[in-house]
Amino acid sequence: MNRNQWRTWAVIANSVLLVAVVGCADQPEIESSPVGANATAGAIQLSNVLVDPPPEGDSYKPHESAVVRFTVFNQASQPDELKSVEAEVATEVRLMWDQDCDGTAEPSSAIPVKADGTVPDPMGDPPFIGTVYFLEMEGLKEEIRSGTTVPLVFEFKDAGSIAVPATVLTGEDVTLPPLGCRHG
């Protein structure tokens, strides 16, 4: 390459970098982890956002349901609550919470998140076994394959919206805790 071609490539590279930096300035921080996706917006941190592996085969079929697991942590000195979650690939996303730790999670209109903490421990302190809160995506509108991501938007009362791509797990040697919790 001659000198003018190098200059042209340098200008293009710098322009792309500038657009990437400016275009992402107000977006939540998103990163991947070995288990699921992580996102931070304001005082709320979502971690290990993932979709359970399909029960049969390597994909969910239209009209099936899927479970989404995640961990939420609030770094603010005031409590917040998860009000809803949107998923374009589902007709409905239900918030599920086993508030009584009886092994059965029930639909909830909101999931509280403690100040400087996470969802309140059911029935007092641990130990407990299982998943205290999760999401159910009902009526999938399209096939969702293992190893892909599903865009979700978490809506918090005070923290606002957080978009995160939930990783769809593959069924290879995955051991997940049971849905709902039990004192252990």
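Our subject is the structure that appears above.
The written sequence of each chain sets the order in which its residues are numbered from 1. pLDDT decides what is reported in this predicted model: residues at 70 or higher carry local features, side-chain atom pairs at 80 or more are listed and counted, and totals for whole chains, interfaces and linings draw on all residues regardless. Side-chain descriptors were evaluated using all non-hydrogen atoms of the structure, hydrogens and water having been removed beforehand.

Asks: Which residues make up the layout of surface pockets, and what values do they have?
Replies: A cavity here means a set of 1 Å grid points, computed over protein atoms only, where a 1.4 Å probe fits but cannot escape. A pocket is an open set with protein on both sides within 12 Å along at least 5 of 7 lines, and lining residues have an atom within 4 Å of a point. Grid points are joined across faces, edges and corners, and a volume is the space filled by probe spheres set on the points. Empty space within the largest pocket amounts to approximately 200 Å³. Lining the largest pocket are Val-35, Asn-48, Leu-50, Arg-69, Phe-70, Thr-71, Thr-118, Thr-131, Val-132, Tyr-133, Leu-176 and Pro-177. In this description a helix means any DSSP run of H or I spanning at least four residues, a strand means any run of E spanning at least two, and both kinds are numbered starting from the N terminus. Elements that contribute at least two residues to the lining of the largest pocket include exactly strand S3 (44–51) and strand S5 (66–74). The element best represented in the lining of the largest pocket is S5, accounting for 3 residues. Of the residues assigned to the lining of the largest pocket, the class counts are 7 nonpolar, 4 polar and 1 charged. Only Asp, Glu, Lys and Arg are considered charged in this grouping, and only Ala, Val, Leu, Ile, Met, Phe, Trp, Tyr, Cys and Pro are considered nonpolar; every other residue, Gly among them, is considered polar.

Asks: Requested: an account of the side chain of Glu-138, with residues and values cited.
Replies: For Glu-138, the location among the structural elements is in strand S11 (residues 133–140). A polar contact of 2.9 Å, which involves the side chain of Glu-138, links it to the side chain of Ser-65. In this description, contact between two residues means that some pair of their heavy atoms is separated by no more than 4.5 Å. Those residues in contact with Glu-138 that sit more than four places away from it in its chain are Glu-64, Ser-65, Ala-90, Thr-91, Glu-92 and Arg-94. Polar contact criterion, stated in full: a pair of N or O atoms within 3.5 Å, where within protein one must be able to donate a hydrogen and the other to accept it, and residues adjacent in sequence count only if both atoms are side-chain atoms.

Asks: An account of the pairing of strand S14 (residues 160–168) is needed here, citing residue identities and associated values.
Replies: Two strands form a pair only when DSSP identifies at least two bridges running between them. Sheet topology note: the S3/S14 ladder contains 2 bridges and is parallel. Residue pairing for S14: Leu-50 is matched across the bridge by Thr-167. Relative to S14, strand S13 (residues 149–156) is paired through 8 bridges, and the arrangement is antiparallel. Residue pairing across strands places Val-150 opposite Ala-166, the latter belonging to S14.

Asks: Tell me about the pairing of S5, and name the residues and values.
Replies: Relative accessibility decides the category of a residue: with a 1.4 Å probe and only protein chains considered, values under 20% of the type maximum give buried, values over 50% give exposed, and everything between is partly exposed. Among the 9 residues that make up S5, 7 are buried, leaving the element largely enclosed by the rest of the structure. Relative to S5, S3 is paired through 6 bridges, and the arrangement is antiparallel. Bridging across to S5, Ser-47 finds its partner in Thr-71. As judged from the 3 bridges shared by S5 and S11, these two strands associate in the antiparallel manner. Note on S11: the bridge partner recorded for Ala-66 is Met-137.

Asks: How would you summarise the state of the cysteines if you had to cite specific residues and measurements?
Replies: Two cysteine sulfur atoms form a disulfide, by the criterion used here, when they sit within 2.5 Å. Summed over all chains, the structure comprises 1 disulfide. Here Cys-101 is linked by a disulfide to Cys-181, with a sulfur-sulfur distance of 2.3 Å. Placement of Cys-101 in the loop between strand S7 (90–97) and strand S8 (106–108) and of Cys-181 in strand S15 (residues 180–183) is noted, with a sequence separation of 80 residues between them. As far as the burial class goes, Cys-101 and Cys-181 line up, both buried.

Asks: A description of the packing of aromatic side chains should follow, citing residues and the corresponding values.
Replies: Pairing of aromatic rings covers Phe, Tyr and the six-membered ring of Trp, with a centre-to-centre limit of 6.5 Å; geometry is then stacked below 30 degrees between planes, edge-to-face above 60, and tilted otherwise. Inspection of the entire model under this criterion finds 2 aromatic pairs. Between Phe-70 and Tyr-133, the aromatic rings sit 5.2 Å apart at their centres with planes inclined by 65 degrees, giving edge-to-face as the arrangement. Linking Phe-70 in strand S5 with Tyr-133 in strand S11, this pair joins segments that are 63 residues apart in sequence. Relative to Phe-154, the ring of Phe-70 has its centre 5.2 Å away and its plane inclined at 70 degrees; by these criteria the two rings are edge-to-face.

Asks: Describe the environment of Val-35, naming the residues involved and giving the relevant values.
Replies: For Val-35, the location among the structural elements is in the loop between strand S1 (29–32) and strand S2 (37–41). Spatially, the C-alpha atoms of Val-35 and Thr-167 are 7.9 Å apart, while their sequence positions differ by 132 residues. Setting aside anything within four residues of it in sequence, one finds Val-35 in contact with Asn-48, Leu-50, Thr-167 and Leu-169.

Function cannot be inferred from these measures alone, as they are strictly geometric.
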